[in-house]
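Below are the chains, spelled out letter by letter.
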Amino acid sequence: MTPAEQSAAARKICALAPIVPVIVVKELGHAAPLARALVAGGLPALEVTLRTPCALDAIRAMSEVEGGVVGAGTLITPADVKAAKAAGAKFGVSPGATERLVKACEDEGLPLLPGAITASEVMRAMEWGFDMLKFFPAATSGGAPAIKALGGPLPQVSFCPTGGISLQNANDYLSLPNVLCAGGSWVAPNDKVESGDWAGIEVLAREAAALPR
């Protein structure tokens, strides 16, 4: 799968809803009910970060939830890519981009949403064939004004900003023509996950799914 094909697939996934939940699963038993709550609330694309020991098993469990499109976040190495694909991930997300990571996604046929912040990073990703990118960390890298500015010379590239996105500031990003969606963790807060408040998480998901873009 070429980078251009990966970006085309990533665009379709990013277009499913205005917010892609960024999820850290600490207990495997939380995975399936959390996915069901988010999907029921209108957020089908789910990014499970590879930051916990049970993350890959969580991807496997969430992949069985009807209507969900589960991806793996924090892909750093080719080994991460192989493990994520084997676990059932339908897409991958990385905070940046390296030649080895891009090659691994080509080999494994895993659509990658690579991170880029500067104009040079965006242009390098474009040279590889990507036109759908992650902008991370958004809040500390200029936020919505920075993404808007990149849209001047590089209008053909779309972004999914992640990092510091909340219900309160999401519209600042989603209103931009070069932002297709945004990644956010507020829809799956740790306290509600730990207490099993799946109904509460579904409410948060519905709020996020209703955001205009």
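Cut-offs and rules
- Each chain has its residues counted from 1, running along the sequence as written.
- Only residues with pLDDT of at least 70 are given local features in this predicted model, and only at 80 or more are side-chain atom pairs given and counted; all residues enter the totals for whole chains, interfaces and linings.
- In computing side-chain properties, one takes all heavy atoms of the structure into account and sets aside hydrogens as well as water.
- Side-chain rings of Phe, Tyr and Trp (the six-membered ring for Trp) are treated as a pair once their centres are within 6.5 Å; stacked means planes under 30 degrees apart, edge-to-face means over 60, and tilted covers the remaining angles.
- Working definition: helices are DSSP H or I runs of at least four residues, strands are E runs of at least two. Numbering for both runs from the N terminus.
- Each residue is assigned to one of three classes by its accessible area relative to the maximum for its type, calculated with a 1.4 Å probe on protein chains only: buried under 20%, partly exposed between the two thresholds, exposed over 50%.
- A ring is scored as having a charge over it whenever the NZ atom of a lysine or the CZ atom of an arginine sits within 6 Å of its centre and within 35 degrees of its normal.
- Each helix should span, by expectation, one fewer than its residue count multiplied by 1.5 Å.
- As used here, the arc belongs to the directions running from the helix axis to the C-beta atoms.
- We call two residues in contact when some of their heavy atoms are within 4.5 Å.
- Convention adopted: a line fitted to C-alpha atoms gives each axis, helices being fitted over their contacting stretch, and angles between N-to-C directions are expressed from 0 to 180 degrees.
- Working rule for angles: under 35 degrees goes down as roughly parallel, over 145 as roughly antiparallel, 65 to 115 as roughly perpendicular, anything else as oblique.
- We call a crossing left-handed when the near helix sits turned anticlockwise from the far one by less than a right angle, and right-handed when that turn is clockwise.
- Between Lys or Arg on one side and Asp or Glu on the other, a salt bridge is scored when a side-chain nitrogen of the former is within 4 Å of a carboxyl oxygen of the latter.
- Side-chain classes follow a simple rule in which Ala, Val, Leu, Ile, Met, Phe, Trp, Tyr, Cys and Pro form the nonpolar group, Asp, Glu, Lys and Arg form the charged group, and the remainder, Gly included, forms the polar group.
- Pairing between strands requires that DSSP locate at least two bridges from one strand to the other.
- A clockwise path from the first strand over the helix to the second, with the strands pointing away from the viewer, defines a right-handed crossover.

1. Quick word on the packing of aromatic side chains
Part 1 of the argument: Considering all chains together, one arrives at one aromatic pair under this definition.
Part 2 of the argument: Ring centres of Phe 135 and Phe 159 lie 5.9 Å apart, and the angle between their planes is 85 degrees; this geometry places the pair in the edge-to-face category. On the criterion of sequence distance, the pair formed by Phe 135 in strand β6 (residues 132-135) and Phe 159 in strand β7 (residues 158-161) is long-range, its members being 24 residues apart.
Part 3 of the argument: By relative accessible area, Phe 159 is classed as buried at 1%.
Part 4 of the argument: Just above the ring of Phe 136 sits the side chain of Lys 134; from NZ or CZ to the centre is 4.7 Å.

2. Focus: helix α10 (residues 198-209)
Part 1 of the argument: Between the first and last C-alpha of α10 there are 16 Å, a value that for 12 residues agrees with the 16 Å anticipated at 1.5 Å per step.
Part 2 of the argument: For α10, the set of buried residues is Gly 200, Ile 201, Leu 204, Ala 205 and Ala 208. All buried residues of α10 project into a common sector of 145 degrees when viewed along the axis, lining one side.
Part 3 of the argument: Residues of α10 that are buried sit in contact with β1 (19-23), α2 (31-40) and α9 (190-195).

3. Structural notes on the packing of helix α4 (residues 78-87) against helix α5 (residues 99-108)
Part 1 of the argument: Running from N to C, α4 and α5 point in directions that differ by 25 degrees, and their axes come no closer than 8 Å. Here α4 lies roughly parallel to α5, going by the angle between them. Here α4 and α5 pass one another in a crossing that is right-handed. Judged by residue contacts, Pro 78, Val 81, Lys 82 and Lys 85 of α4 engage Arg 100, Leu 101, Ala 104, Cys 105 and Glu 108 from α5.

4. Looking at α2
Because an α-helix completes one turn every 3.6 residues, residues spaced three or four positions apart along the sequence face the same direction.
Part 1 of the argument: When you tally the buried positions in α2, you get eight out of 10 residues, the bulk of the element.
Part 2 of the argument: Where α2 is concerned, the buried positions are Ala 31, Ala 32, Pro 33, Leu 34, Ala 35, Ala 37, Leu 38 and Val 39.

5. Looking at the pattern of salt bridges
Part 1 of the argument: Considering all chains together, one arrives at five salt bridges under this definition.
Part 2 of the argument: As a salt-bridge pair, Asp 197 and Lys 192 come within 3.2 Å of each other at their nearest N and O atoms.
Part 3 of the argument: Given the relative accessible area of 26%, Asp 197 is considered partly exposed.
Part 4 of the argument: Among the residues examined, Lys 192 registers a relative accessible area of 24% and is labelled partly exposed.
Part 5 of the argument: Here Glu 202 makes a salt bridge to Arg 206, at a shortest N to O gap of 2.8 Å. Taken together, the residues Glu 202 and Arg 206, both in helix α10 and four residues apart, mark about one turn of the helix.
Part 6 of the argument: The exposure class of Glu 202 is partly exposed, given its relative accessible area of 24%.
Part 7 of the argument: Arg 206 sits in the partly exposed class, given a relative accessible area of 47%.

6. Digging into the packing of helix α3 (residues 55-62) against α4
Part 1 of the argument: α4 packs onto α3 with a crossing angle of 30 degrees between their chain directions and a minimal axis gap of 8 Å. By the angle between their axes, α3 is roughly parallel relative to α4. The crossing of α3 and α4 is right-handed. Between α3 and α4, the contacting residues are Leu 56, Ile 59 and Arg 60 on the first element and Ala 83, Ala 84 and Ala 87 on the second.
Part 2 of the argument: Tallied by class, residues from the contact of α3 with α4 come to five nonpolar, no polar and one charged.

7. Some thoughts on unusual backbone geometry
Part 1 of the argument: Look at the link from Phe 136 to Pro 137: it is a cis peptide, with omega at -5 degrees.
Part 2 of the argument: Looking at the secondary structure, you find Pro 137 in the loop between β6 and α7 (143-150).
Part 3 of the argument: Here Thr 74, not a glycine, exhibits a phi torsion of approximately 60 degrees, which is positive.
Part 4 of the argument: Here Thr 74 shows up in the loop between β3 (69-73) and α4.

8. Quick word on the pairing of β3
Part 1 of the argument: Counted residue by residue, β3 has four buried out of five residues, so it is predominantly covered.
Part 2 of the argument: Note that strand β2 (residues 45-49) and β3 share five bridges and pair parallel. If you follow Leu 46 over to β3, its bridge partner there is Val 70.
Part 3 of the argument: Note on the crossover from β2 through α3 to β3: the handedness is right-handed.
Part 4 of the argument: Here β3 pairs with strand β4 (residues 91-93) via two bridges, running parallel. Note that in β4 the partner of Ala 72 across the bridge is Gly 92.
Part 5 of the argument: At this point the chain moves from β3, through α4, to the parallel β4, and the crossover so formed is right-handed.

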